[in-house]
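Letter by letter, the chains look like this.
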Amino acid sequence: MAELRPSGAPGPAAPPAPGPSAPPAFASLFPPGLHAIYGECRRLYPDQPNPLQVTAIVKYWLGGPDPLDYVSMYRNVGSPSANIPEHWHYISFGLSDLYGDSRVHEFTGTDGPSGFGFELTFRLKRETGESAPPTWPAELMQGLARYVFQSENTFCSGDHVSWHSPLDNSESRIQHMLLTEDPQMQPVQTPFGVVTFLQIVGVCTEELHAAQQWNGQGILELLRTVPVAGGPWLITDMRRGETIFEIDPHLQQERVDKGIETDGSNLSGVSAKCAWDDLSRPPEDDEDSRSICIGTQPRRLSGKDTEQIRETLRRGLEINNKPVLPPINPQRQNGFTHDRAPSRKDSLESDSSTAIIPHELIRTRQLESVHLKFNQESGALIPLCLRGRLLHGRHFTYKSITGDMAITFVSTGVEGAFATEEHPYAAHGPWLQILLTEEFVEKMLEDLEDLTSPEEGLTSSWKVPSPPPASYEAAPQWDLSLAGLNAPQFKLPKEYSWPEKKLKVSILPDVVFDSPLH
């Protein structure tokens, strides 16, 4: 639960949130991380010392459900001459370390990221006659924050989030989100590390689809060029009734289609309902059995495997211009590196590709025959995986939301994979890698043509399926599940088989993945 109050008013479960105009004598009474972010707000809005604020009644560190302690809401006059309309500016407090006493975040030093290293912002076009900001964006931001806290997957600029419903629970076409740097908020150095500001940008289904098939940064640049679709500051207008491709039909062919052909897709992985079986071993073989599930308990990825998969998805995986799967690094904890904020555009450190890994940490099995299982939404992504990633020399990972396992498709150009051309199917515990040659990818694309349709919708990048507007993790599809949009409809189950390659793919109903055994 949350309440609306001025930022200087005391909260019932925590010390009062410091207003930016607080006298210096009282500054030491306020949480230092919170005070530092307020300083940036004060720089931007010196005439609004006590903005309206949505605050969690019971703070997260006291057992409450909302990770964000506060969401401040400012009135921004925009710049009519630059096609920037008046709007409401929402700023979160809680993804970064506000307190420095480990009640929420572990302190890792002043040079690295504070907490998760970022806060969320959102710019909503102000409607005529609107005297107070709507509060639904605060619920939206709490939802995204819950995802980050519960999954430990961070966001970065260019990420996209499928939400499945209008962001304000209306009839709007704005039903999904992209993330970008806030155009006005500057990074803040707090006593507990650096905080950057990521802005949520509301988009239509067609725009999300384009971002997934190409890349989020490219679509953000197109949105900046269309004033009614966001303009220079990417302001969300929930009343927008046309996509950028309907406003300017040339954008699809001249920018997006050419970008996809040239660059491929930047989508490197998704949370999904998926599973795999090793068909080359008998079911009764308890040791390294053919199924990732033993009895009623699914096998678990080790912490090192999970870190490697997260690193794979988080980083751009480019070393010496070649896509690289990062090695297991036992010194990285919980899937996070604390030297800098993560980015999919970053290269891995140069010594990563030559790291010495103890053999016992990588007990790899070479498989003769495998059976891949996907629900309909995740199966609809296979053509994108093949065409947009593998044909461009890259990789793509499905990470299960119902059991801690993963399937990574790799091309012959990916270094660091434990699947090879000689042994294209290899498993490290419940993590399966499949190496596909370009010739086989082309064959699969022909056979899987019915998985693709012009109106097909795809899921968000490694991350975030859609909850109800008021609660991010409340619904089952929010448990890190894959969120598909208008996926092609066909009768299930549906099977594809390539006997000469000893590979089988099944598209199955969701209920199959809800049981303990697949």
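In this text the structure is predicted, and so the values were computed from the model without any measurement.

What counts and how
The residue numbering used here restarts from 1 in each chain and proceeds along that chain's sequence as written. Under the rules for a predicted model, residues below a pLDDT of 70 receive no local features and side-chain atom pairs below 80 are neither given nor counted, while totals for whole chains, interfaces and linings still include all residues. Heavy atoms throughout the structure, all of them, feed into the side-chain values; hydrogens and water do not. Each helix is a run of DSSP H or I of at least 4 residues and each strand a run of E of at least 2, with the numbering of both proceeding from the N terminus. Accessibility here uses a 1.4 Å probe with only protein chains present; expressed as a share of the type maximum, an area under 20% marks a residue as buried, one over 50% as exposed, and anything in between as partly exposed. Two residues form a contact once any of their heavy atoms are found within 4.5 Å. Areas reported as accessible are Shrake-Rupley estimates using a 1.4 Å probe. Residue values count occlusion only from the protein chains shown. The pairing criterion for strands is at least two bridges between them, as found by DSSP. Axis definition: a line fitted to C-alpha atoms, limited for helices to the stretch in contact. Angles are taken between N-to-C directions and run from 0 to 180 degrees. The term nonpolar core refers to a set of buried residues drawn from Ala, Val, Leu, Ile, Met, Phe, Trp, Tyr and Cys, joined through side-chain atoms within 4.5 Å. By definition here, a salt bridge exists when the distance from a side-chain nitrogen of Lys or Arg to a carboxyl oxygen of Asp or Glu is within 4 Å. Counted as a polar contact is a pair of N or O atoms within 3.5 Å, where, for protein atoms, one must be capable of donating a hydrogen and the other of accepting one, and residues adjacent in sequence contribute only when both atoms are in side chains. Two helices crossing with the near one rotated counterclockwise from the far one by less than a right angle form a left-handed crossing, whereas a clockwise rotation gives a right-handed crossing. Note on residue categories: nonpolar means Ala, Val, Leu, Ile, Met, Phe, Trp, Tyr, Cys or Pro, charged means Asp, Glu, Lys or Arg, and polar means any other residue, Gly included. A pair of aromatic rings is counted whenever rings of Phe, Tyr or Trp (Trp by its six-membered ring) have centres within 6.5 Å, and the orientation is called stacked for planes under 30 degrees apart, edge-to-face for over 60 and tilted otherwise. By the criterion adopted, a ring carries a charge over it if an Arg CZ or a Lys NZ lies within 6 Å of its centre and within 35 degrees of its normal.

Now for the overall build of the protein. Secondary structure summary: the protein contains twelve helices and 23 strands in total. Buried positions account for 56% of the 518 residues belonging to the protein. When contacts within the protein are restricted to residue pairs at least 6 apart in sequence, long-range pairs at least 24 apart make up 71% of them. Accessible area for the protein stands at about 20,900 Å²; split by element, carbon and sulfur atoms hold 50% of it.

Read from one edge of the open sheet, four strands run E11-E17-E23-E22, paired in mixed fashion. Looking along the sheet, the strands with just one partner apiece sit at the ends: strand E11 (274–278) and strand E22 (494–498). Each strand of the sheet is rotated relative to its neighbour by a mean of 15°, with strand direction disregarded. Across five bridges, the pairing between E11 and strand E17 (residues 370–375) is antiparallel. Bridge pairing in E17 links Asp 278 to Val 370. Helix H11 (residues 438–447) rests against E22 and strand E23 (503–508) of the sheet, and its axis sits at about 150° to E22.

With that settled, consider the nonpolar core. With 36 residues, the main nonpolar core has Leu 372, Phe 374, Leu 386, Tyr 398, Ile 407 and Phe 409 as its most contacted residues. Contacts of Leu 372, omitting those with residues within four sequence positions, involve Ala 275, Trp 276, Ile 407, Phe 409, Leu 432, Ile 434, Leu 503, Lys 504, Val 505 and Ser 506. Counting 32 residues, the second-largest nonpolar core is a separate cluster that includes Met 73, Leu 140, Val 161 and Leu 167.

Moving on: the environment of Val 203. Looking at where Val 203 falls in the secondary structure, it is placed in strand E9 (residues 193–203). Spatially, the C-alpha atom of Val 203 lies 5.5 Å from that of Met 177, the residues being 26 residues apart in sequence. If near-sequence neighbours (up to four positions away) are discounted, Val 203 is found in contact with Arg 173, Ile 174, Gln 175, His 176, Met 177, Leu 178, Leu 208, Leu 223 and Arg 240.

Two side chains with opposite charge may pair up if their charged atoms get near one another. Tallying each qualifying case throughout the model produces 18 salt bridges. Of the charged contacts, one joins Arg 123 and Asp 182 as a salt bridge, the two residues approaching to 2.8 Å between their closest N and O atoms. Residue Arg 123 is found in strand E5 (residues 113–125), and its partner Asp 182 is found in the loop between strand E7 (176–181) and strand E8 (188–190); the two are separated by 59 residues along the sequence. Owing to a relative accessible area of 0%, Arg 123 belongs among the buried residues under this scheme. What makes Asp 182 buried here is its relative accessible area of 5%. The network of salt bridges with common partners includes Arg 75, Glu 86 and Arg 126.

Our next topic: the side chain of Thr 55. Position of Thr 55 among the secondary structure elements: in strand E2 (residues 52–56). Residue class for Thr 55 comes out buried when judged on its relative accessible area of 1%. Within the local environment of Thr 55, its side chain forms a polar contact with the backbone oxygen of Asp 69, the two atoms lying 3.1 Å apart.

Turning to the packing of helix H10 (residues 382–389) against H11, a few remarks are in order. In contact at an axis separation of 10 Å, H10 and H11 are set at 145° when each is read in the N-to-C sense. H10 and H11 meet at a crossing whose hand is left-handed. Only Val 441, Met 444 and Leu 445 of H11 make contact with H10, whose side of the interface consists of Pro 383, Leu 386 and Arg 387. Along the lines of polarity and charge, the residues of the contact of H10 with H11 split into five nonpolar, no polar and one charged.

In total, this model carries 15 aromatic pairs according to the counting rule given. Note on Tyr 398 and Phe 409: the rings are 6.3 Å apart at their centroids and 75° apart in plane angle, and the pair reads as edge-to-face. In this pair, Tyr 398 sits in strand E18 (residues 395–400) while Phe 409 sits in strand E19 (residues 406–410), placing the two residues eleven residues apart along the sequence. Residue Tyr 398 is classed as buried on the basis of its relative accessible area, which comes to 0%. Overall, Phe 409 belongs to the buried group, its relative accessible area being 2%. Site record: aromatic cluster; members linked through ring pairs are Phe 374, Phe 396, Tyr 398 and Phe 409. Across from the ring centre of Trp 61, 4.3 Å away, lies the NZ or CZ of Arg 103, which sits over that ring. When the ring centre of Tyr 99 is taken as reference, the NZ or CZ atom of Arg 103 above it lies at 3.9 Å.

A few words now on the pairing of strand E3 (residues 70–76). With six of seven residues buried, E3 lies mostly within the body of the structure. Bridging between E2 and E3 involves four bridges; their strand directions are antiparallel. Its bridge partner being in E3, Val 54 is matched across the sheet by Val 71. Across seven bridges, E3 lies against strand E4 (residues 87–93) in antiparallel orientation. Its bridge partner being in E4, Met 73 is matched across the sheet by Tyr 90.

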